[in-house]
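Structural overview for review
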Amino acid sequence: MRVVLFGYQKWGARLLADLLASRHEVVLVVSHPEEGEPSPVIFQESLGDLAREHGIPVLYREKAVDAELVTAITDSGAEIGVACNWRTWISPEVFSAPARGTVNTHDSLLPRYAGFSPLNWALINGESQVGVTAHWMDAELDRGPIICQRTVPVTPTDTTEDLFERTVLLFGPLALEAFDRVEHGPHEWLTQDPAHASFFHKRADEDNRIPWDRPAADLVNLVRAQTGPYPNAWCLHEGARLRVLEATVSRERCGGTNGRIFAREGSGVVVVAGPDAWRGGQYGLVLQRVKDADGVEHVAGDHFRRMGGYLT
């Protein structure tokens, strides 16, 4: 089929590479301006450069909403569209311009974790698996009928960066599987059940502040979800920001006031955490590696020279 690709960064470039190696023909690429907001190095792969290397026209848009874009898609003879890491709105006029419509690829197992930062949110919530979904694009964000999905297990030590590296490789094979089903069947699509749906917002700085009244296991998940290229989980120590790069659950329960810098455990430092922590029934969060306000990394046991005081 003749394909128009809406994509951005490494997600879009890897999908394009798989399409180029397939029997399908990519006739147009639509991407976000590449001089946009700074992004981590692991995401930086130019979809536009790869398209131009293969003689594919590239159009840049912040949003895919204009009549000129509809005309370009129609003139290209695109039979189907596919979206991958498209960050803004695609209007119904645009996603309906390809003859068969447009397939969206989303890095969650819809209908759960629709919206933004799905891998981060899934890891924060302790999910045992994540995945990628191909679904028909319609007027509601991430709500169209599901064509196919692929799953990825989550191990106890995975970070969001680990999950990104594994899921980014699935977008191309998943899109090709969806195209095969569109062409050859079966054509029974799975309607998303709103009763099982969840929609998440973009993560912001305040979302990464460590809430010491949550169980330590939840806080470990938050730290894992925000390591690597992502803005780290953080708290305040003596009025200065302290980023937490690695943490574990304490071996023993500890009681007291949430956020209290409590005791040493190996090379780490135990901080009191959890609901009703003053009753002594909760495990603490062991800070293993931290980064101070000057951007210097420390083993937590070296950073905290004495016990006592609070993280807020």
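Note that the structure is predicted; figures quoted are calculated from it, not measured. Counting from 1, residues in each chain are numbered in the order their sequence is written. In keeping with the model being predicted, local features are shown solely for residues with a pLDDT of at least 70 and side-chain atom pairs are shown and tallied solely at 80 or more, while totals for entire chains, interfaces and linings include all residues. Water and hydrogen atoms play no part in the side-chain values, which are based on all heavy atoms of the structure.

Topic: the sheet that holds strand β7 (residues 129–136)
- Between any two strands, at least two bridges found by DSSP are needed for them to pair. Runs of H or I in DSSP of at least four residues are treated as helices and runs of E of at least two as strands, each being numbered from the N terminus. Ordered in space as β3-β2-β1-β4-β5-β7-β8, the seven strands form an open sheet in which the pairing is mixed. Pairing within the sheet leaves two strands with one partner each, and these edge strands are β3 (58–60) and β8 (146–153). This sheet shows a mean twist of 20° between the axes of neighbouring strands, independent of strand direction.
- Pairing of strand β4 (residues 80–84) with strand β5 (residues 102–106), which is carried by four bridges, proceeds in the parallel orientation. Opposite V82, over in β5, you have V103 as the bridge partner.
- Where helix α3 (residues 67–76) meets the sheet, it contacts β1 (2–7), β2 (25–31) and β3, and its direction lies at approximately 170° from that of β2. Angular values range over 0 to 180 degrees, each being the angle between N-to-C directions of two axes fitted as lines to C-alpha atoms, with helices fitted over their stretch in contact. Pairs of residues are marked as contacts when any of their non-hydrogen atoms sit within 4.5 Å.

Describing the packing of aromatic side chains
- Centres within 6.5 Å make a pair out of two Phe, Tyr or Trp rings, where for Trp the six-membered ring is used; the pair is then stacked when the planes are under 30 degrees apart, edge-to-face when over 60, and tilted otherwise. Taken as a whole, this structure holds nine aromatic pairs when the rule is applied.
- The interplanar angle of 90° and the centroid separation of 6.5 Å between the aromatic rings of F116 and F199 together place this pair among those described as edge-to-face. Of this pair, F116 sits in the loop between β6 (114–115) and α5 (118–124) while F199 sits in strand β9 (residues 199–200), placing them 83 residues apart in sequence.
- Relative accessibility under 20% of the residue-type maximum defines a buried residue, over 50% an exposed one, and the middle range a partly exposed one, all with a 1.4 Å probe and only protein chains included. With a relative accessible area of 29%, F116 lands in the partly exposed category.
- Chaining the aromatic ring pairs together yields one cluster made of W11, F43, F164 and Y230.
- In this scheme, the term charge over a ring applies when either NZ of a lysine or CZ of an arginine sits within 6 Å of the ring centre and within 35 degrees of the ring normal. One residue, R203, lies across the ring of W121, its end atom 4.5 Å from the ring centre.

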